[in-house]
Amino acid sequence: MQRRHRHQPPQSAQAILQQIAQVVHNPDRDRFELWVAGDLVGVLGYSTEVSEGRPTITFLHTVLYDEYTGHGLGTRLMVGAIAYVRDQGARLRPVCSFTKSYLDAHPGIVALAPA
């Protein structure tokens, strides 16, 4: 009997999730939202203040539903939020532990505010 070999799918589940994930800025709720296939699966809450004429955005918390962890979606949410900070010419104050870990692994990607 011949053994049939399974063909690998053209893309991994992680790659597909990355493609269909969308980061949306929701300024009315002071957060960035991560949407996958029409479902809200994560949020990154923030606050904004102006100090010395320059905005400072504080990342307060990041929440991702458990079933979506481990697929790079938290990073996708973080990258979208950091892009917004840079586009605003703002400084970032990381309070959230996920944000701190991300910035430790990627130093210099955004201007940081004093603690």
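The model shown is predicted, which means the values in this text are computed figures rather than measured ones.

Scoring rules and cut-offs
- Residues numbered from 1 in each chain as written.
- Predicted model: local features only at pLDDT ≥ 70, side-chain atom pairs only at ≥ 80, totals over all residues.
- Heavy atoms only, no water.
- Pairing = 2+ DSSP bridges.
- Helix = DSSP H or I, 4+ residues; strand = E, 2+ residues; numbered from the N terminus.
- Axes fitted to C-alpha atoms, helices over the stretch in contact; angles between N-to-C directions.
- Buried < 20%, exposed > 50% of the residue type's maximum accessible area, 1.4 Å probe, protein only.

Undergrad: How would you summarise the sheet that holds strand β4 (residues 54–64) if you had to cite specific residues and measurements?
TA: In any sheet, the strands associate via hydrogen bonds between backbone groups, in a parallel or an antiparallel arrangement. The strand order β1-β2-β3-β4-β5 describes an open sheet built from five strands, whose pairing is mixed. Each having just a single partner strand, β1 (21–26) and β5 (91–94) make up the two edges of the open sheet. Across the sheet, the mean angle separating the axes of adjacent strands is 25° when strand polarity is ignored. Relative to strand β2 (residues 31–36), β1 runs antiparallel, the two being bridged by six bridges. Bridged to Val23 within β2 is Leu34.

Undergrad: Summarise unusual backbone geometry; cite the residues concerned and give the values.
TA: One non-glycine residue with positive phi stands out, namely Asp30, at about 50°. Mapped onto the elements, Asp30 comes out in the loop between β1 and β2. Judged by its relative accessible area of 40%, Asp30 is partly exposed. A positive phi angle, close to 55°, is found at Glu52, a residue other than glycine. Following the sequence through the fold, Glu52 ends up in the loop between β3 (39–51) and β4. Judged by its relative accessible area of 75%, Glu52 is exposed.

Undergrad: Outline the pairing of β3, supporting the account with residue identities and numerical values.
TA: Both β2 and β3 contribute to a ladder of six bridges, which runs antiparallel. If you follow Glu33 over to β3, its bridge partner there is Val43. Counted along the chain from β2 to the antiparallel partner β3, the turn is two residues long, and its residue Ala37 has a positive phi close to 50°. Here β3 runs beside β4; their pairing, made up of ten bridges, is antiparallel. Counted as the bridge partner of Thr48 is Ile57 from β4.

So yeah, pure geometry; function would need other evidence.
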